[in-house]
Structures are given as C-alpha cells and as structure tokens.
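Analysis of the macromolecular model
Here is how the chains run, residue by residue.
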Amino acid sequence: ETASNALTPRTHMADPEWVTATQTALGPLIKRPKLTAALLSKPPFRFLHDIVSEVTRATGFADGLFSEDELQSGRIKEKELKIAYLSKIFKCVEVASGGALGVRPGKVVAGMEPENTNAFLVALARVATSGVDNAGVVASTLDAIAASAKSSSSSPPASAPPVQAEPLPPPPPPPQPPPPPPQQQQQQQQRLAATVPTRLQSCQPTQCLSVAMRLSSDCLRIAALLCTLTLVCLGLQLPTPALRSDPGAEAYSVDAGSLPESLRSTLIASAPDAETSAFLAASRSEAASLRGRWALLLKHKAYAVLLRLGWTRVDASAALGRVRMFVASSAQLRPLLERAAPQPPSSLLLDIGSGTGTVTHALASAIGLSDGSRVTALESSAPLRRELGRRWGFRAAASLSELDPRERFQAVSLLNVLDRVDDPAGLLRSAASRLDPAGGLVVCAVVLPFRGSVQLPGDRRRPPRRPLQLRRASGHTRGFGRAAAAFVDAALEALRQGGGGAEGGR
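These notes cover the structure that comes with them.

Rules used in this analysis
- Residues numbered from 1 in each chain as written.
- Predicted model: local features only at pLDDT ≥ 70, side-chain atom pairs only at ≥ 80, totals over all residues.
- Heavy atoms only, no water.
- Helix = DSSP H or I, 4+ residues; strand = E, 2+ residues; numbered from the N terminus.
- Buried < 20%, exposed > 50% of the residue type's maximum accessible area, 1.4 Å probe, protein only.
- Contact = heavy atoms within 4.5 Å.
- Areas by Shrake-Rupley, 256 points an atom, 1.4 Å probe, with all protein chains shown as cover.
- Core = buried A, V, L, I, M, F, W, Y, C linked by side-chain atoms within 4.5 Å.
- Patch = residues over 30% accessible without salt bridge, like charges linked within 9 Å, V, L, I, M, F, W, Y side chains within 5 Å.
- Salt bridge = Lys/Arg side-chain N within 4 Å of Asp/Glu carboxyl O.
- Axes fitted to C-alpha atoms, helices over the stretch in contact; angles between N-to-C directions.
- Parallel < 35°, antiparallel > 145°, perpendicular 65-115°, else oblique.
- Nonpolar A, V, L, I, M, F, W, Y, C, P; charged D, E, K, R; others polar.
- Lys, Arg positive; Asp, Glu negative; His and termini not counted.
- Left-handed = near helix turned anticlockwise from the far one by under 90°.
- Expected span 1.5 Å × (residues − 1).
- Pairing = 2+ DSSP bridges.

**Regarding the overall build of the chain**
Of the regular secondary structure elements, the chain holds 18 helices and seven strands. By the burial criterion, 31% of the 506 residues in the chain qualify as buried. By sequence separation, contacts in the chain at least 24 residues apart represent 68% of the contacts at least 6 residues apart. Carbon and sulfur atoms make up 58% of the accessible area of the chain, which amounts to about 30,700 Å² in all.

**Some remarks on the nonpolar core**
Counting 36 residues, the largest nonpolar core has Leu 26, Phe 61, Ile 89 and Phe 120 as the members making the most contacts within it. Elements with a minimum of two residues in this core: α2 (17-26), α4 (45-59), α5 (79-97), α7 (114-128) and α8 (134-154). Apart from residues lying up to four places away in sequence, Leu 26 is in contact with Leu 35, Ile 51, Val 55, Leu 121 and Ala 125. By size, the runner-up hydrophobic cluster in this structure holds 24 residues, among which are Leu 350, Ala 431, Phe 450 and Ala 494.

**A closer look at a nonpolar patch on the surface**
A surface patch of nonpolar side chains, about 220 Å² in accessible area, is lined by Val 254, Leu 267 and Phe 480. Position of Leu 267 among the secondary structure elements: in the loop between α10 (261-264) and α11 (274-285). Among the residues examined, Leu 267 registers a relative accessible area of 34% and is labelled partly exposed.

**Digging into the environment of Ala 251**
Considering the arrangement of structural elements, one finds Ala 251 in the loop between α9 (182-234) and α10. Sequence separation between Ala 251 and Ala 271 is 20 residues, and the spatial gap between their C-alpha atoms is 8.3 Å.

**Regarding the packing of α4 against α7**
Remark: α4 packs on α7, axes separated minimally by 11 Å, with the N-to-C direction vectors making an angle of 10 degrees. Taken as axis vectors, α4 and α7 run roughly parallel relative to one another. In contact with Leu 48, Ile 51, Val 52, Val 55 and Thr 59 of α4, α7 contributes Thr 117, Phe 120, Leu 121, Leu 124 and Ala 128. Partitioning the contact of α4 with α7 into residue classes produces eight nonpolar, two polar and no charged.

**Topic: the side chain of Asp 351**
Inspection of the secondary structure puts Asp 351 in strand β1 (residues 349-352). Within the buried core, Asp 351 has no salt-bridge partner, and the shortest N-O distance to an opposite charge, that of Arg 420, equals 11 Å. Residues within four places of Asp 351 in sequence aside, it is in contact with Thr 360, Thr 376, Ala 377, Leu 378, Ser 413 and Leu 415.

**What to know about the packing of α5 against α7**
Each pair of packed helices can be described by the angle between their axes along with the distance between the axes. It is at 10 Å that the axes of α5 and α7 come closest, and there the two elements cross at 55 degrees. The orientation of α5 with respect to α7, classified from their angle, is oblique. Handedness of the α5/α7 crossing: left-handed. Where α5 approaches α7, its residues Ile 89, Phe 90, Val 93, Ala 96 and Ser 97 are matched on the opposing element by Phe 120, Ala 123, Leu 124 and Val 127.

**Thoughts on helix α18 (residues 480-499)**
A rise of 1.5 Å per residue sets the reference length of α18, with its 20 residues, at 28 Å; its end C-alpha atoms lie 28 Å apart and thus fit the reference within 8%. Here the buried face of α18 lies against α4, α10, α17 (424-433) and β5 (441-445).

**Regarding the sheet that holds strand β2 (residues 375-378)**
One open sheet holds the five strands; their spatial order is β3-β2-β1-β4-β5, and the pairing between them is parallel. Here the strands that pair on one side only, and so sit at the sheet edges, are β3 (395-397) and β5. Taken pair by pair, the neighbouring strands of this sheet meet at an average axis angle of 15 degrees, ignoring direction. The pairing of strand β4 (residues 411-415) with β5 spans five bridges and is parallel. Along β5, the bridge assignment pairs Ser 413 with Val 443.

Next up, the structure:
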C-alpha cells in the first residue's frame, strides 16, 4: 500500500475561489507583495499592511488616514496596535463603499476568518479604483472613529439596576466606662507626656531616612544634569561617527524613459556640487562631537515637549533652531531658470513658504537679485518671519492677504509648499494672479509622487480639504514619469486659470 501510494501522482488542489478573486482584483494594481495562495489563505498582519501601503501608493486611496508610526509596519508590534490599524482601514473601506464588511480585526490578527479578510481585500481594490473623493472619505472615517471612541468612553458600562436594600438599624452605642477619679486622670496625663518624646524619637530615624533618600535622588538628578552641561560646555571631540558619504551622480539620476515626450525634451538633470557638499558637511558636524550630540538630544526632547503643548512642527523646529532645508543650490537652479526664461527676471521675487530663507536666498542669487529688499517672503511661522527679516533683509509677511492687491512680481516661487496646504490649486491660481502682466516666471519644487498633508498643532496631520486633482496620464510607463506628468498637467491647468490663459506672454 505504501509503494502504491508513493507511485500514485498527487493531484494539485485548486485554490479557493476567494483567493483567486483577491488575486484578480489586486494583481493589476500592485506588484508587491506577491499575492500567493499560501499568504492569502492565512494573511499575516505584515502582509496586509504591505498590501494597504502599496494600494495607497498606487492609487492614493486612504492617503492621510494613518499616522507616521502606523505607516511603518515595524513599529506595530502589539496586538492592540494591529487591531487599531486594521479597524481604521476597515472603516475607511466601509465609508467609501457604503456597506459593512463583516470582518473583525481581532480575528484577522489571530489569523482567523481568511474568507472575510480576502473579501476586504477585494473591496479595497474596488473602492481604490472607483475614483472616490479620498480626502472626504478619510475625513469621514477619522470623524467616525473619533465619535465612536468618545461615545464608548463617555457611556457607562451596562449593568443591572441596583437593588434598594432596606437600611439596617443602627447598632446600639457601646457602654461607656465610668470616668476615672481625678487622681487617676492626673497620673495618665503624666504617663502620656513621658511617652510622647519616646514615640517621636522612635519615628525620627525613619523620617530622616526617607528625607535622605529623597535628597539623594534629587542630588543624583542634579549631578547628572551638571555632568551633562559640563560635557556640553567642554565639547570633547570624539571620532566622527560612520555616516554615508556625499551623494554621487546616481543620487540625481532620473528615469527619463518613463517621461512623456513633452517633458523628456525639457528635462535638465542636476549633479552634486560644492554647495550641496557644504550643506551635508554642516549637517554632519553637529554629530561629530559629544557637545553636538548632547545638544541634538536636548533639542529633540524639547521638541517633543513643545509638540505635546500644542505647538506646530514648524514653530517648534524654528524655536529650537532645528529647521535645516536644502532644495537646490544656485548653480543647480541657474540652468533650469535659463531654460524657462532666457532673460531671467531681475526685478521682484515673491517666495511663498520661505522657511528659514536659505532656499529663497539661493533662488534669488540664481535670478540675480542681490538686494534682499526686492524679495517678498511669505511664511506662516512668526519665529521664521523674524529670521527672514533679520538674517536676509527680506520683506516678510504671513500671507498674500497682507500684500497690496495691486502689487505684481516678475517671479513667484513655491518650493516644497504645495503638498502642505489645504488648496494647492487655489494657491497656484493666486500665484499666477500676482505675476506681472508683461510676463513672469513660476518656480515650483515638489516631492513626487505628489501627496498632500496638512500639519496640525502637535504631532498630527490630516489630508487637505481641496486636494490637487491628479489625472492618470497615459502613453508612458508607471512610476516617476506618470507622477511627474500628472502633477505638471494639474499645475499648468491651475496656473492658466489664475493667469487668464496662456496668452499675454505668461
């Protein structure tokens, strides 16, 4: 019988229908992780996390739903955190689809109910490609989760109504002993007066020990603080930690073949230069000494405290001097400006979202503006606005509404700011409306693929209320080319609307 079984060919078991349905729905959307039948038959949490992340990366669905920690699967180790993550994405899919999924996060984390889990994955693929308003879905999901948490915390647990017990009669008072004679009372008072000092003396060593322990603990903290301050002041030089070397040309490489022809012909690849290396060296120098590392540690702790007190990331970073930005050097910007405008504007520059002003200064130098008073810098953070005027001599303002509506500029720049506002298209239209009617230049710098996220007080974010509408471009491959073409099309459309069309030399 054993020999016959060994010679009998084994028939391949067909995959369950719900596994095949998941592979059919998600296969065209994502390339990783591999949607194998073994993983889909009992999906682990890391596998589900990777699928959700890839669907978001490919379609933008659920972008802004999770916190920074939740976006990294390595930080979600406890069961409660896994259940909270799955509850969020389950609720988001339910809001987008308008129906209940019938899947329980706790069972999914335990590796149970694979059919319901696969039904969720199919629903995720369906709503992600349905063209729903992601910002509205995410906002509704977060509101529903917050309302559910508030109601569950405020409502008392259900319990049986209390039974009113009949009050017991008060116990009879204990019999009072007869008062002692006056002579006996006097003797008791003398004995009490003699024993009080003894009791106090017996308690004093314990009290002294407790006080000594508290003092020693405080002294240890003070000593540790003094040692820290001493080391910071001495600035003892330590060997420079092993850090990555300066980026080479490969760090600036772009897959030009993925771009459409209209963008491929205008692409100018940058390369590392001396200004880039100097910025990286200055950033590394902080960690090259014991003083610098202690200073970074203290700044990091203070930054966390300010966020808990309700400060924004920008204000907290500005107050502690943690803001350090670098988009491009003047030498890297100059060829781009010469291609866009053979005669770069040299009159007035409006920079929206200037930060510390370092990038604004590089752009002004590339344009040829050496006078800081000819640069208007918009920055919402009050500490940074003061720095813009004190260090660079820029005219600083908080928003466009503070400027003269008749004022026009020959160049308007938005560097790493469009993905941090509620209405990117509206900001582009406002920027175009501020250009000189005789002609002007708009300079944008964004991270691709473009994903908006608005910072809130504390360490919180939310999706923009009016996100930039990115249409899927066709005619070229996925990846960088598609992301670049989608953003350029949406930005140009907003600029045309704000500038009254492409006429007029704009």
